[in-house]
Each structure stands twice: as structure tokens, then as C-alpha cells.
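# Inside the fold
Read off the chains here:
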Amino acid sequence: MKIVRFIAQYDQMDCGPACISMVANSYGKEYPLEYLRENSYITKEGVSLLGIGEASKKIGFDYHAVKEESDHLISNIENTKKPVILHWDQNHFVVLNKVSNSLFSKKKIFEIYDPAHGIIKISQEKFEESWISDRSKGVSVYLTPTDTFYQNEPPQQKLLTVKQTVEYLQPYKRKIALMFCLLLAGSGITLIFPFLTQSLIDDGVSSKNLNFIFIILLAQLSLFLGSIVINIFRNWLTLYIGTHLSIKIISDFLKKIIELPIRFFDTKLLGDFQQRIQDNNRIEEFLTSQSLLTFFSIVTFSVFFGVLAYYDVKILLVYSILTLISIAWSFYWLRKRKIMDYFRFKLRSENQDSIYEMLNGVTEMKLNQFEDFKISEWEKIQKRLFQLNIRILKIDQYQLSGFEFLNQLKNIIVTFLAATYVVKGSMSLGVLLSVSYIIGQMNSPVSQMINFFRSFQDAKLSMERLNEVQFKSKEEKEDDKPIESNEETAGDILFENVSFQYEGPQSPYVLKDISLTIPQGKVTAIVGASGSGKTTLMKLLLRFYNPVSGKISFGKTDILHISPKSIRKSSGVVLQDGFIFSDTIARNIITHDENSDDEKLLKAVTTSNISEFVNSLPLRYNTKIGASGNGISGGQKQRILIARAVYKNPQYLFFDEATSALDAENEKIIHDNLQEFFKGKTVVIIAHRLSTVKNADNIIVLHGGKIVEEGNHQELVSKNGEYYKLVKNQLELGS
């Protein structure tokens, strides 16, 4: 069975879903990439074989992954004639469509559908170089459709309609109407020129009337100046509308992605987002420049078409046939150009991620002599971009060269026909020049229409990428209850048999059957070795993720019915990877409040023991610090994050390694300050440094995603169990 359609991946981690989509397509089912992506449990590291298996089973395939030798693979695909997904270069997935014999030798040729690079044909030697991963074997994934596959109906992919896209232009109706008038005036001026040219030759030059010639030339100059003025105003309007349109499109995109759940961001790299934002330029150009210009090009073309028909129908017929051939030629190459755009998007995204990583990791690169390797990786991306640009250039050259050749041929043939008529006396010289002018003016609208379709193609692809987030469900649901106004939420936080996995049903459990109570108004500490699930438990409390099974309740209310925004609004949170914004110290502490409360600010910096540092700065609270805390130490960063949490004076406090970067003296001072602040608040503290949690009302010990011990410090130490092992060295309990 042959693959029906090649499907390119949108983002760097989409190769697995794209391969599943291609195989499903070969059996007559169109599954949207977004649907397959969600069911593949993609992370920023990509998709796993387990993920491909989960998504395949979801849509009704029998999934079978094997390690096999190339001869066995060749035999299978030649016998079944069915596509196979292959693990490629140890970090990628492709589809092997078929294996054939070379025309000139008995060597095998492998046809690979690579979502990142297109359809490629390679020799067996090159194939095995990329596929074989373990001695003489490589990993193959066979997907066989079941009855369920044929019974299932793929979800319909929601797309932005032309109407929804054009709605962006609604606020600028008056300015667009003015542009419309200016373009109409410009088109009107253009239409007058052929008749002036005919009059100049037939009535002025032929009759040797200099006064008439002077008047005609003066009229042409005036019309030309008028055209310049119209273009100046039109360009200003285009800039105004285009800029505001660009801001609106990006603003809507940013607002939408901020409203999405945290899980969405787990699958995206920075370059994917940046490239989407840059894509808006193509949408803006299409909506403002190309659409209006093309409309008037069609108007101009239609009028000139009528004028040419008025002069001579035979010339018009020859012109029309050659024009249709040139348009068909251009459309043929537009189809090939579309695939190249997917690849260019992916490589540009990789390029941005590579540069971002180098700039942000320059210290570690220098410390570990990693510079040459990282620069070499970046250069490889540039070489791939260069090769892709050559492929795009070839397509553009074939398209444009063929189009220009046909246009020139058309001009020559039409001019020859008109010249023949002049020689025979059936057409005047003035009409000949007018026809030549008309043909030249009609070529421009045809070129504009080709540009329009190229721009439409670019804008459509860009809208498809932005479209990814437009129809995703928001994190906030309309029926979610705000935690502040709901009396039932007051009370203990309860975990009832809560389990959680990051990567689907077959992935390891990060938390398994957790049942615990976090008492209201008390301090609860969660401890355990790295990877025991402590931070994940806190993220569930903040509704960054929802439990796979079990129930979490705030008082009597299920957390799934509480607004995530209201939980976070009622919580002061210090995460181990907390972010410092590129802004003043004061703004980093007060965050969303437009005006700071000086009393609360003073209490916050005093509690976090950072007032001495702030007062030592020339601008004190107005001192600007860099993004991610550049220019301040790790300890100062943590104290600002603690001050941020204290400033909110929230109902709940969640601290994840909040003092891990502090020295012993600062930690003790802050610890003592916080004890007073904790009174009456529900507090959850995660810490490796167990001296910070020994005063907690209750300590929960996690190991391997399960609760192994629970109690206060003295009770747990006396048990001589897991907690004792964790703290004996830190608190010098002895062995």
C-alpha cells in the first residue's frame, strides 16, 4: 500500500505524530497532527516509542515494534507493500514507503518519507548508516489497522476561516476604504495612458501639431505626478494598518498561549514560539498589501482586457492562451514550494534554539570547553539551512524564469501580430504603441496575481501554525469556582489515592496512590530523595497538572472544580527554578500590583532578609536587574522570590527548595522570620536541607513516588527508617 500524502512536521518534536498521520493516511484516514501529538505524550525531548504506541492504539492500529536486520525489513515491506515507521539517527522517526531496485544495477533504493526533510531516495549503505542502532539491527514499528481503525471517525481539525481572518481588518474599515479610493484613482490614471499615447502619435506626431503634443505630454506628466502622490499616501496607510494589525495578531496569539495549561508548554521549544510570532509578518502582508493590490490588479486587468478586445480580438486570444500557460506553470511550482516552507520553519526554529542556548549557557560552555562543539552544531544547522535555501531558490528560479520566458514570448508574438497589421495598413502606429503599452500593463497584474497566490500560501501556512493554539481549550473553565469566595474550600487539603504520570498510561508513575492530609493553618513538610515526586506533588496542588487518577480536594471541593487562577492568586509560591523578570527589584516583588504598598513591601524585604542588600544599591528598590536574575547571586535571587511570596500575604504558601542557595546564617534568619509569618496559613515546604523542616507540624517522606513515612521530626527520627537515613548526616545523628 502506498502512502497517499507526505505530511511535514510543524515543530521540532512532531516527527512521531507526522509519521503516524502518514501511515493512517495510506489507509484512507486523515488524522490531525494536533490530535496525534496530544495522544503521543510528547515532551521537549521528543516522542518515545511508547508514545507512538499509545497514539497508534488510540486510533485503532495494532502496534508492533521490533529490532530487526535490514534483510528482514526489506522482505517484510516487499511482501506486505505497507509503510513502516523507522527509528532514524537515534533521535528521529521517518516512514519507509517502499524498497525498489535501481534501474542500472541490482542495488536497493529506499524511499523515505522524512517529516523534517521531505521525500528522499537513498542507497542501502546510506539507509543502514542512519537506521541501524545495535550492531546489525535497527528499530521498526509496524502499524496494522484493526476493525476499530476503520470504524473510528478522525476528529475534524478546526481551522480559522477566511471570515475570522478578515475580521482583523474590521477596526480599519475607514482607512481601508481610503486606500481603496486611492488605488482606484491610481488605476484610473493608469488606464488613461494608452489613449494619450494613441492620441500623441496619431493626432499629434502624424499631423505635426506641436501644441497638441505639448498638451498630451503635460497631461502625462501631471498624471504621473498624481500617481506618485497617491502612492505616498497609500504607503503611509499600509504602514499604519500593517503595524497595528501585526500588534493585534501577535497580542491575540500571546494572550491565547498564556491561557493554555502548563502541559502545552512541555512540548514546545522556545524557537517554535519565536518562529510563530515572526510568521505574523506574512499574514500582515497578505491582509494589507497583497489582497488590496491584487483586487485592483484584477480590476485593472479586466479593463485593459476589454480595451485590448476593442482593439483586436485575435491579439487578445493569443495573449490569453499564453497567459494561462504561464499561470499554470507557476501553480505547478507553488505546490513544491509549500513543502519547503515547512522545512524552513523547522530549521529556523532549531537555529533560534541553538543561539539561545549558547547565549544563555556561555558560562558553562567556557567552564567545560564546550564552545567548539556547540558552534559546530550551529554551523551544521546553517549548512542545512543553506542546502534548503538552494532547493527553494531552484524552485523559485524554475517558476520565475519559466514565467518570465512565457511573458516575453507572449510580448514578442503580440508585438509581431500588431506590427503585421500596421504593415498591412489595418492598424495605425498609435494603436500599435497603445497595444504594446496595454500588454506591458497587463503583465503586471498577472505577476501580481502570482505573487498573491504565493503570499496566500505563505499566510495560510502561517495561520495553520498560529491556528494550533486558537482552538485549544483554555486552562480556566467557565464553571470553575473561585477559591476565595467559596466557603467549602476552607479546610484541609486532601489527597485520596492520587497517581500521576507525565508520558501516558505505559510510562512510569511519578506519584502512586498518594493519600495524605495537609491540615489547614499548619506547616507540612515533604521530603525525600531526588526523583521521589516532591515537586510534582506541589505542581498538582497548583493545578499545573491534573491527577491521572484519584482526587485532590480543598476542603470539600474537588480541585478540578476550582479555578486554577484563583488557587495561584491565593498562594505564595517559591519554586526551585523561580523566574526573575528584567525589571526593578520592587516590580519583581510586587509583580501585578500597579501601585506598591510600602508597608507590605517593607515587611516582605525584612522577612526575606534582603533589605540590607536593597538599601546598599544606588537606586534601592528602583534598581533594575536582568532577566532570570542576571547581576545578582543565587541567594539574592531566592530572597527576592521569598519576598514576592510574602508580599502577597496569601492563604496558602508553597515553598520548593526556597532556601537551598542561602548560607547557614541567612537561612536561619529567614527561617525564624517566616515562623511568625506562617501563623494561620496553610504551608507546604519541600526541602533537601532537612534542618529547615524539622519544626514542621507534619513531615511526609516520599520514596519512589509513594509515602513511606509520616509524622513529626521526633517521631520519624525514633522510627530509625527512611527519614532517619535522610537526616542522620545533616543533623549529625550518627549511624
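Analysis parameters
Residues numbered from 1 in each chain as written. Predicted model: local features only at pLDDT ≥ 70, side-chain atom pairs only at ≥ 80, totals over all residues. Heavy atoms only, no water. Pairing = 2+ DSSP bridges. Helix = DSSP H or I, 4+ residues; strand = E, 2+ residues; numbered from the N terminus. Axes fitted to C-alpha atoms, helices over the stretch in contact; angles between N-to-C directions. Buried < 20%, exposed > 50% of the residue type's maximum accessible area, 1.4 Å probe, protein only. Phe/Tyr/Trp six-rings, centres within 6.5 Å; stacked < 30°, edge-to-face > 60°. Lys NZ or Arg CZ within 6 Å of the ring centre and 35° of its normal.

The six strands lie next to each other as E13-E16-E17-E10-E18-E19, forming an open sheet whose pairing is mixed. The two strands at the open ends of the sheet, each matched to only one other strand, are strand E13 (571-574) and strand E19 (706-711). The average angle at which neighbouring strand axes cross in this sheet is 15 degrees, direction not considered. Two strands pair when backbone bridges link them, and strand E10 (residues 523-528) and strand E17 (residues 682-686) are joined in this way by four bridges, in the parallel orientation. The residue of E17 that forms the bridge with Thr524 is Val684.

Attention now goes to unusual backbone geometry. Even without being a glycine, Asn497 presents a positive backbone phi close to 50 degrees. Checked against the element boundaries, Asn497 lands in strand E8 (residues 493-500). The exposure class of Asn497 is partly exposed, given its relative accessible area of 47%. Positive phi outside glycine occurs at Asn720, with the angle close to 60 degrees. Of note, Asn720 is situated in the loop between helix H23 (713-719) and helix H24 (722-727).

As a further point, take the sheet that holds strand E9 (residues 511-518). The strand order E9-E8-E11-E12 describes an open sheet built from four strands, whose pairing is antiparallel. Whereas interior strands pair on both sides, the edge strands pair on one side only; in this sheet they are E9 and strand E12 (557-558). As paired elements, E8 and strand E11 (residues 549-554) share five bridges and run antiparallel to each other. Of the residues in E11, the one forming a bridge with Ser499 is Ser549.

Moving on to the packing of aromatic side chains. Using the criterion set out here, one finds 16 aromatic pairs in the structure. With a centroid separation of 5.3 Å and an interplanar angle of 85 degrees, the aromatic rings of Phe149 and Tyr150 are classed as edge-to-face. Seen from their ring centres, Phe500 and Tyr502 are 4.8 Å apart, and the 85 degrees between their planes marks the pair as edge-to-face. On the basis of relative accessible area, Tyr502 is assigned to the partly exposed category, the value being 28%. Members of the aromatic cluster, connected to one another through ring pairs, are Tyr27, Phe61, Phe149 and Tyr150. Residue placement shows Lys512 over the ring face of Tyr509; its charged tip is 4.0 Å from the ring centre. Between Lys600 and the ring centre of Tyr647, over which it is positioned, the NZ or CZ distance is 4.6 Å.

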